[in-house]
Amino acid sequence: MRLISSLILAATALTLTAPAALAADAERNDRLYDVSGSKIAKVTRVTDAGDLLVIYKGKVRRIEAATLSNNDGKLVTSLSKAEIRRLK
């Protein structure tokens, strides 16, 4: 029973850290693109949680690590520009 509990706990931990590991590939000044491939902004900061802070439309926006991916070497968020505009 302990082995099964340990395996479940380990699998859960890996699942929870996977987005942060992906976002860790992002660095300051990397370009961020939206879901349609349009340029959003340069990355201002990568948080400890793996989220990105960017300045978009004159405001700091937090892009969650769970929305990020790397497509053909480009840092892409699954969010649209309209969704990013509504972020705080």
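Now for a look at the structure at hand. (Residues numbered from 1 in each chain as written. Predicted model: local features only at pLDDT ≥ 70, side-chain atom pairs only at ≥ 80, totals over all residues. Heavy atoms only, no water.)

### A look at the side chain of Thr47
Reasoning step 1: Topologically, Thr47 is positioned in the loop between strand S2 (39-46) and strand S3 (52-56).
Reasoning step 2: Apart from residues no more than four positions distant in its own chain, Thr47 is found in contact with Leu53 and Arg62. (Helix = DSSP H or I, 4+ residues; strand = E, 2+ residues; numbered from the N terminus. Contact = heavy atoms within 4.5 Å.)

### Remarks on the pairing of S2
Reasoning step 1: For strand S1 (residues 31-33) and S2, the ladder comprises 3 bridges, and the chain directions are antiparallel. In the strand pairing of S2, Leu32 is matched with Ala41.
Reasoning step 2: Taking the residues between adjacent antiparallel strands as the criterion, S1 and S2 are bridged by 5 residues, where Gly37 takes a positive phi near 95 degrees.
Reasoning step 3: Pairing between S2 and S3: 3 bridges, direction antiparallel. The residue of S3 that forms the bridge with Arg45 is Leu53.
Reasoning step 4: The loop that links S2 with its antiparallel partner S3 comprises 5 residues; one of these, Gly50, has a positive phi angle of about 95 degrees. (Pairing = 2+ DSSP bridges.)

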